[in-house]
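A structural walkthrough
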Amino acid sequence: MRSVYQKFHRRWQRPFGKLVLLAAAVGLFMAGTVRLQAQMKENPKMMQMIKKMKQKAVAKDYVRAHMKVKNPKKLLGGPIEVTVTQNSGGVFVALPDFRRLDPRIFGTPEMPRAFEGTPGITGLPVFLREVENGQFTKMKKKSPFGDKYIVMANGKLSLKAVDATATDAATTEDQLQFRASWQDKAGNTYEVRANKVAAHGLEFPTFGGVATNVILHGFTGLGTPLMPSEFTYVAFWGMGQVLKNGKVVDGPRLVHGMLTEYVRTEGYKLGFDKDVTPTRLQFHLMVAPFKPDMEHMSYMPAPVKTGFKLPNGMELPFWHVMFENLQISANRK
Amino acid sequence: MKKIALFVLSALMLWVAVVAFAAPGKSKTGHSKVVHITMTNTLKFNPASDTIRVGQTVEWRNTSLLVHTVTCDPKKAAKPEHVALPEGAEPFDSGNMDPDATFRHTFTVPGVYKYFCIPHEAAGMVGEIVVLPAK
Ligand SMILES: [Cu+2]
């Protein structure tokens, strides 16, 4: 569904022009260590490196080969219709944190892996990794992918998705109806809605917007390597709105959701690949602090206006929310 | 006089020891008392380990905002080390417990019970009850 991106393109890219592109090259994917960002702004070499890395996203040519296809192939065996709901119980809201780096995914300083692409979206540049005793240890910046979280009340989730189109393309028959909400201590309700799917990706494929029964993240190069490799029963990439107390506070925004095997460990720490629990499931919602950059088939940083203030007074610049009290059903249409 | 004081003191100590031994866990007056365990936002059973007597009842209360379960059933565990059931004891499972919900189970077979919360087993939400035989 190219039109979704095009609309986006018109709305966001033109008014800001070169300024936005500069920000894209300079900034990273969330408000974090200001010093580091300032450093990068002043360092044209670093900017050049990020630009280069964005161009090098490994799946870019694959996406290019698909994004103009007008009659994409259908899923083998016919469309799959999936419903995922949560009707009661709280949610886990991820807070900015330093992601520990899995050596299996990120390699070693001598032989680094997973560094190409927009930092945080598909890769992690080596200069953003801390090194100790010849090993990568953790990210230098905070990201939505870490061990810190808070619990919020009254989590509600309703996902209805149809995976019909197999591959990325210019059009799609994949369908999405997504709504999720939760409440803070003060009784404010936060909500994310999405019903338009991204028929093709930019740096990595979206399988027509809805994907079923596929491994994502980690070693796959499909989505951020900051999440472990995880078998995904259903995932979607779409555009939607962010609401607070019933009012739209941000949008259109990239909205990504996925039902996966369990990737949290003791104390709810985000695990490495070796820690995944295949027989337990969780649903992740991500409203990433990025906007699509169509011209460069890439992403630019753009903190989400969540309306939720962190204890330090800063607005949480993303929603990364986990739902774990799930009812799931699926069938071939 | 000193001897009497010493006798009274040792009798008192003995009484305290007997009461403490007769009713491990939270109960002080006898093992018919219900033992309370809470379930938290930090994915813990609190206390995570407790010792009771056969015939005693444990009540779990979900004091968190999340949905939890109290599950002691080897068939439902993701990892075998998270569950233990003495021979002859029946598996039990609270089912989904919404915030503030309670679940009670009376233990009739002595031994070591390891139990878990289904949604948060992998995140370390596991507990243990040691059931001592009747006196
Ligand atoms: Cu639990």
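Residues numbered from 1 in each chain as written. Chains lettered and ligands numbered in written order. Predicted model: local features only at pLDDT ≥ 70, side-chain atom pairs only at ≥ 80, totals over all residues. Heavy atoms only, no water.

1. Some words on the confidence of the model for chain A
Mean pLDDT over chain A: 89, with 87% of residues reaching 70 or higher. Under a pLDDT of 50 for its full length, residues 1–35 of chain A has, in the predicted model, 88 contacts with residues more than four places off or in other chains. (pLDDT = per-residue confidence, 0-100. Contact = heavy atoms within 4.5 Å.)

2. A closer look at the sheet that holds strand β7 (residues 102–106) of chain B
All names here are of chain B. Strand order in this open sheet of four strands is β2-β1-β4-β7, and the pairing throughout is mixed. Across the chains shown, the open sheet's two edge strands, defined by having one partner strand only, are β2 (45–46) and β7. Sheet analysis places strand β1 (residues 35–39) next to strand β4 (residues 57–62), joined by five bridges and oriented parallel. Among the inter-strand pairings, His 36 is bridged to a residue of β4, identified as Glu 59. (Pairing = 2+ DSSP bridges. Helix = DSSP H or I, 4+ residues; strand = E, 2+ residues; numbered from the N terminus.)

3. Some points on the packing of aromatic side chains
Residues and elements named next belong to chain A. Throughout the structure, instances matching the rule amount to 23 aromatic pairs over all chains. Members of the aromatic cluster, connected to one another through ring pairs, are Phe 178, Trp 182, Tyr 190, Phe 236, Phe 283, Phe 308, Trp 319 and Phe 323. The ring of Phe 98 has Lys 138 sitting right over it, with the charged end atom 4.7 Å from the ring centre. (Phe/Tyr/Trp six-rings, centres within 6.5 Å; stacked < 30°, edge-to-face > 60°. Lys NZ or Arg CZ within 6 Å of the ring centre and 35° of its normal.)

4. A few points about the coordination of the copper ion
All names here are of chain B. For the copper ion, the full set of protein donor atoms is His 68 (ND1), Cys 117 (SG) and His 120 (ND1), and the range of their distances to it is 1.9 to 2.1 Å. Here the donor residues for the copper ion map to a single chain with the spacing H-x48-C-x2-H. Here the residue His 68 occupies a position in the loop between β4 and β5 (71–72), and His 120 occupies one in the loop between β8 (111–116) and β9 (126–132), the gap between them amounting to 52 residues. In this structure, His 68 and His 120 share a single accessibility class: buried. (Donors = N, O, S within 2.8 Å, 3.2 Å for Na, K, Ca; no water. Buried < 20%, exposed > 50% of the residue type's maximum accessible area, 1.4 Å probe, protein only.)

5. Let's talk about the sheet that holds strand β5 (residues 135–143) of chain A
Residues and elements named next belong to chain A. Strand order in this open sheet of three strands is β3-β5-β4, and the pairing throughout is antiparallel. Lying at the two open borders of the sheet, with one neighbouring strand each, are β3 (97–100) and β4 (129–132). Averaged over all adjacent pairs, the angle separating strand axes in this sheet is 30°, with direction ignored. The pairing of β3 with β5 spans three bridges and is antiparallel. (Axes fitted to C-alpha atoms, helices over the stretch in contact; angles between N-to-C directions.)

6. What to know about the pattern of salt bridges
Under the counting rule described, the total for this entry stands at twelve salt bridges over all chains. Between Asp 275 of chain A and Lys 274 of chain A there is a salt bridge whose closest N-O contact spans 3.2 Å. Under the relative-accessibility criterion, Lys 274 of chain A is labelled exposed at 69%. Between Arg 280 of chain A and Glu 121 of chain B there is a salt bridge; the shortest N-O distance is 2.5 Å. Separated into two different chains, Arg 280 of chain A in strand β14 (residues 277–287) and Glu 121 of chain B in the loop between β8 and β9 make up a pair that spans both. Summarising the burial analysis for this pair, Arg 280 of chain A and Glu 121 of chain B share the class buried. Each of the salt bridges in this network shares a partner with another, and the network as a whole consists of Arg 179, Glu 191 and Arg 193 of chain A. (Salt bridge = Lys/Arg side-chain N within 4 Å of Asp/Glu carboxyl O.)

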